[in-house]
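Next come the chains, spelled out residue by residue.
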Amino acid sequence: MKFDKQRSFRKSMTWVHTWTGLPVGWLLFAIFVTGTLSFYRLEITQWMQPETQQATIYDQGQGLTHATALLEEYGADAEQWTIGFPTARTPLYQVRWRVPEPEQGEAREGKPGSHNAAAKSEQQHSTAAPATDSAGKLKPQEGYRGMKYFMMDPATGQVITPRDTAGGEFLYRFHFQLYGMHWAIGRTLVVIATFFMFVAIITGVIIHRNIFKDFFSFRPRKGQRSWLDAHAATSVIALPFHLILTFSGLLFLAGQLVPMVAGAAYNGDPRGFLRDYRGGGNIEQPAPNPNNARLYDINAIAADALQRAPEGIDSINIKRPGKADAEISVTTLAPSLFGGKASLDDLRYDGVTGKFLPKEEPEHSAAETIWKFMLTTHMGLFATPITRALLFLSGVFGSVMIASGLVMWLVAREKDRQKLGYMPKGHRLVERLNVAAIAGLMCAVAGFFWANRLVPATQAERGEWEINGFFIVWGICLLHAIFRPHLHAWREQLLLAALGLMSLPLLNGLSGGNFIWQNLQQGQFASVGFDLTALALGLGLLFAARQVQLKIQAAKTLASPAEPKPRFNKRQADSLQEQ
Amino acid sequence: MSLLGFVLAFIGFNLLCVNTGRNANKIVDMTLTLAQQRLLTLVGWVALVMSLWPMLTIDSISIALINWAMLLTLAACTVILLLTYRPKLLAVLAKPVTHWLA
């Protein structure tokens, strides 16, 4: 790149776009893919616990009674009960309780006792527990911070003990703090990449002045032109998504990059901002009432809540059950921007008299509203199934956008290479990293799900082995990409990823779960969705592999036997240079 | 999500894409006057903005905005796919407009 030449504004922006995109593109692709999958992290975790697919999940109206009975039997001395209701995303009852124990330092994620989607999946990180102990009593599974829980079949009230799994939680955490390093380092890397992404989006918009003109003219099978069109189309179609998600991601992790800013308003106390933001930090908790009192009938509370919120119930949370100051809050499925971390509305009742307690709505500042809006959007919290599917689709577009951008860097320099007559080292490096970061990651994701079913269900540290599976496959793909010719590496890895993903619906039925039609009958729609999505993604990758195959064949027919193969020569020159 | 919103957004994108030179002839088989082009663009933009309205009647504004963004994505995606691989379908949809323009 020459800097001494005069160039137009748009040309300069193109330069910025290229060189902010390339260095972090591979990392961004991984963040986008794992983040996109995180829209369905509860469903993924559920798929990875095939025991849950054995439930007959249609609630006959007895589920809540069974759940309450479990809590009374096992959680009599608990300070808090939570009954997670089966929803479209989690088909089983989750019966949780917390036994008081000294608070530990590692309470960064969420406030204790938050009954929301994040907390739900957190607990699935627990260690596998044997189903019963010697006395014939069920042994609960253990979650974070003294939380114990059962998963329960809504129809029969039977407790189901699923296998330990890294689950969707691994993909979710990877997308903002990576893995195998301190979380602060991981988050800093992610926020730097996000920053570059934001710059790339803005410069990208500037470059495409006639945004609709380019947008409506996708021309397939035209070489570089098509790559550019695909890159522009996937960018512009989901532009609102890309902008909001990148900007909000930047906001969430801004504390990593500029840690002093929020602290400055709190006299250097970095936690002060979070305390205020999460709310409740300044409210004086009244002293607990030690007197015992009978808990109000939870079934009646649920019935009342259903009348107030016909959308349905997400969970019921009971604070200090059996005490005189017991409090019941019902999280409904009604969306509410300021309603807790899961952005769901909640109804509060007195735990002894069962009286409905109307809540006073505090004033919300504009900053808080925008922050909440960003958070809700980024996490897809309120999302209806269609919106969630479209968020996922937009995430796929984003991934394709990044991948096509990376590939385009090479395609756009094809002429330079022909002029040079050999393959520069940098280009070969980009080629290798492209294959490993794009196709290799897809193989790794497939490997992660395969590891979930291949590692024995009772294996200690199961979750770790699943994660190992993910990184082992990814590592092998990197080696493969280094040693195989470029197009062949693409074809083989795309094919592997396609087969790995497309076989997941079969694998599910063969290794403890159900086949799609069985899940359909049982109403396990989350797993059906997982299987179908895996199939669709696999088909997409298969199509890509086929395109690469065609390209290889075209190159072969072009290079007549008399001439030396150009590709081989380039590689030779390259390897000679390396030596 | 609402069907009305989708239809409005779809019409909006479709009209905009009729006007962006390169593809106009794929959909309406005629040259449009400048005034016609301007009118179609205007109607297209109005339809796009209007597609927010059904969203607002269902949800509060913040959630409606996200649903709207996703709806626009879906509509744009549909238009592009049709335009690239099945332009004849779009031509059928545009037929009433063609009669009126002629």
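Residues numbered from 1 in each chain as written. Chains lettered and ligands numbered in written order. Predicted model: local features only at pLDDT ≥ 70, side-chain atom pairs only at ≥ 80, totals over all residues. Heavy atoms only, no water.

## Here's the deal with a nonpolar patch on the surface
Right, on to step 1. On the surface, Ile 192, Phe 195, Leu 257, Val 258 and Val 261 of chain A cluster together into a nonpolar patch covering about 430 Å² of accessible area.
Right, on to step 2. Turning to its location among the elements, Phe 195 of chain A is positioned in helix α6 (residues 183-207). (Patch = residues over 30% accessible without salt bridge, like charges linked within 9 Å, V, L, I, M, F, W, Y side chains within 5 Å. Areas by Shrake-Rupley, 256 points an atom, 1.4 Å probe, with all protein chains shown as cover. Salt bridge = Lys/Arg side-chain N within 4 Å of Asp/Glu carboxyl O. Helix = DSSP H or I, 4+ residues; strand = E, 2+ residues; numbered from the N terminus.)

## Quick word on the pairing of strand β6 (residues 313-319) of chain A
Residue and element names in this part refer to chain A.
Right, on to step 1. The element β6 is extensively covered by neighbouring structure, given that six of its seven residues are classed as buried.
Right, on to step 2. As judged from the five bridges shared by strand β1 (residues 80-84) and β6, these two strands associate in the antiparallel manner. Across the sheet, Gln 80 pairs through a bridge with Lys 319, a residue of β6.
Right, on to step 3. As judged from the six bridges shared by β6 and strand β7 (residues 327-335), these two strands associate in the antiparallel manner. Note on β7: the bridge partner recorded for Lys 319 is Glu 327. (Buried < 20%, exposed > 50% of the residue type's maximum accessible area, 1.4 Å probe, protein only. Pairing = 2+ DSSP bridges.)

## Focus on the interface of chain B and chain A
Right, on to step 1. Listed by partner, the interface residues are 25 residues for chain B and 26 residues for chain A.
Right, on to step 2. Both sides of the chain B and chain A interface together cover about 2300 Å² of buried area, and 80% of this is carbon and sulfur.
Right, on to step 3. Between chain B and chain A we count zero salt bridges in total.
Right, on to step 4. Breaking the side of chain B that touches chain A down by element, the ones donating at least two residues are α1 (3-19) and α5 (61-85) of chain B.
Right, on to step 5. Among the elements that make up the side of chain B that touches chain A, the one with the highest residue count is α5 of chain B (17 residues).
Right, on to step 6. Looking at the side of chain B that touches chain A, its residues break down into 18 nonpolar, six polar and one charged. (Contact = heavy atoms within 4.5 Å. Buried area = accessible area lost by both parts, 1.4 Å probe. Nonpolar A, V, L, I, M, F, W, Y, C, P; charged D, E, K, R; others polar.)

## Quick word on the nonpolar core
All names here are of chain A.
Right, on to step 1. Judged by nonpolar contacts, the single largest core of 117 residues is most densely connected at Phe 448, Phe 449 and Trp 490.
Right, on to step 2. Those residues in contact with Trp 490 that lie beyond four places of it in its chain are Val 407, Asn 434, Val 435, Ile 438, Ala 439 and Val 548.
Right, on to step 3. In this structure, Tyr 74, Ala 78, Ile 301 and Leu 347 belong to the second largest nonpolar core, which totals 28 residues. (Core = buried A, V, L, I, M, F, W, Y, C linked by side-chain atoms within 4.5 Å.)

## Here we look at the packing of aromatic side chains
Residue and element names in this part refer to chain A.
Right, on to step 1. Under the definition given, this model contains 30 aromatic pairs over all chains.
Right, on to step 2. By way of ring pairs, the aromatic residues Trp 47, Phe 170, Phe 174, Tyr 179, Phe 448, Phe 449, Phe 470, Phe 471, Trp 474 and Phe 530 are connected into one cluster.
Right, on to step 3. Lying across the ring of Trp 47, Arg 453 places its NZ or CZ 4.1 Å from the centre. (Phe/Tyr/Trp six-rings, centres within 6.5 Å; stacked < 30°, edge-to-face > 60°. Lys NZ or Arg CZ within 6 Å of the ring centre and 35° of its normal.)

## So, the UniProt feature "transmembrane region" (unreviewed entry) in chain B
Right, on to step 1. Under the UniProt annotation, the feature "transmembrane region" (unreviewed entry) is placed at residues 39-58 and 65-85 of chain B.
Right, on to step 2. Counting secondary structure, residues 39-58 of chain B comes out at 95% helix and 0% strand; the distance between its end C-alpha atoms is 30 Å. (UniProt positions renumbered as here; feature names shortened; annotations may be inferred.)

## What to know about the pattern of salt bridges
All names here are of chain A.
Right, on to step 1. In total, this model carries 14 salt bridges over all chains according to the counting rule given.
Right, on to step 2. Close ionic contact of Arg 163 with Glu 51 constitutes a salt bridge, the shortest N to O distance being 3.1 Å. Note that Arg 163 is positioned in the loop between β5 (159-160) and α5 (167-177) and Glu 51 in the loop between α2 (41-47) and α3 (63-74), a separation of 112 residues in sequence.
Right, on to step 3. Arg 163 sits in the buried class, given a relative accessible area of 10%.
Right, on to step 4. Two residues, Arg 417 and Glu 414, come together in a salt bridge whose shortest N-O distance is 3.4 Å. Note that Arg 417 and Glu 414 are positioned in helix α15 (residues 414-420) at a spacing of three residues, about one turn of the helix.
Right, on to step 5. Judged by relative accessible area, Arg 417 falls into the buried class, the value being 4%.
Right, on to step 6. One network of salt bridges, in which partners are shared, links Arg 41, Glu 169 and Arg 173.

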